[in-house]
Amino acid sequence: MVNRRTFNKALGLGTGTAAASLTGLAAPSTASAAPARSRTGTPAAHTPVASLEQVRAGLLDVGYAEAGPAHGPVVICLHGWPYDIHSFVDVAPLLAAQGYRVIVPHLRGHGTTRFRSARTFRNAQQSAVALDIIALMDALKIERAVLAGFDWGARTADIIAALWPERCKALVSVGGYLVTNLAANLEPLSPAAEHAWWYQYYFTTERGRRAMEDPAKRHDLNRLVWDTVSPTWDFDDATFERTAASFTNPDYADIVIHNYRWRLSLADGERRYDRYERLLAARPVIEVPTITLDAERDPFTAPGDGSSYRDRFAGAYDHRTLKDIGHNLPQEAPTAFARAVVDADRL
């Protein structure tokens, strides 16, 4: 098991935000968080992951980092695309300092996570990714956990909270209710919204696939996404490169391309997941205690301060909008994200 000190060293923590305590922090319903600045104060701040735990879980051999006491209440932090476990590099020690056991896995196709069989279809439909996390919990003998994530990670956490509520103690979901509705995804959005999704349409083309398969083009495309969806985040090159190492996973291109093509009904899923997708198509209500977070400068944040998805959460609930923060909310505003995890657990 990787203890908190090892986790901090492995992820290359600096001495800034992550060293702070959550004690006494206010948690207003509408929070303002200053944009994160580049971490250049210490050479360790950009150390790549030195070592991770690996565990066989379902179809995967999952790479994950762990922090905090072994018998503390569990928080599982789930990253999005094009990111990796470093999105929680400052969140994890904040939560560990509060007594939580923090698990941060690489999703399928990312980092050190590998498929156990070369014959397994490289499938990234939403229910398959969610079942990966259920399998991880089973492998680590975790009955229940607070689930917290953004982007792909928020969708995964939402699905588990909706379909397996007995495994989810509380939920923090950046962007609200992100369960994919394939029928709804066939309808056009506003031109501005469609523009923000440019890469999704690029990935439906053969040119897009070839770009993802080309290491240099993949690197530059992902960097462009970072720059455009987090306009106020003044990260440096080394911060991006630390995460970019996870894009060299041999299944990365297949997983990314399948995910976005599947969302637009341009790629098939697998029949083994049909029953879960039918349940998700009905837009199930989430009843576990939940805090939703919106990032004000994220181009994918829906207007209305969470009103568009409020009816999907039937349990104890709070919503917060973070001003001047972009898409990679946990890394841009780690204290606010960690505060939401603690508060959701107490709802």
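Structure's up top.
The present account deals with the structure reproduced in this document. Note that the structure is predicted; figures quoted are calculated from it, not measured.

Quick look at the overall build of the protein chain now. What the protein chain contains, in helices and strands, is 13 helices and 10 strands. The buried share among the 347 residues of the protein chain stands at 57%.

Attention now goes to the pairing of strand β2 (residues 53-57). Note: β2 against strand β3 (residues 60-67), five bridges, orientation antiparallel. Each residue of the ladder has a partner; that of A57, found in β3, is L60.

Here is a general trend for soluble globular proteins: nonpolar side chains tend to be buried in one another's company. Counting residues in each nonpolar core, the largest one holds 99 residues, and the members touching the most others are I76, W81, L95, F203 and F337. The element best represented in this core is helix α3 (residues 126-139), accounting for eight residues. Leaving out residues up to four positions away in the same chain, L95 has contacts with V75, C77, Y100, V102, A338, V341 and V342.

Within the secondary structure layout, F337 lies in helix α13 (residues 334-345). Assessed through its relative accessible area of 0%, F337 is described here as buried. Spatially, the C-alpha atom of F337 lies 9.7 Å from that of L322, the residues being 15 residues apart in sequence. Once residues within four sequence positions are removed from consideration, F337 is found in contact with F88, V91, A148, G149, V172, V174, L293, L329 and P330.

Cut-off values and rules
- Residues numbered from 1 in each chain as written.
- Predicted model: local features only at pLDDT ≥ 70, side-chain atom pairs only at ≥ 80, totals over all residues.
- Heavy atoms only, no water.
- Helix = DSSP H or I, 4+ residues; strand = E, 2+ residues; numbered from the N terminus.
- Buried < 20%, exposed > 50% of the residue type's maximum accessible area, 1.4 Å probe, protein only.
- Pairing = 2+ DSSP bridges.
- Core = buried A, V, L, I, M, F, W, Y, C linked by side-chain atoms within 4.5 Å.
- Contact = heavy atoms within 4.5 Å.

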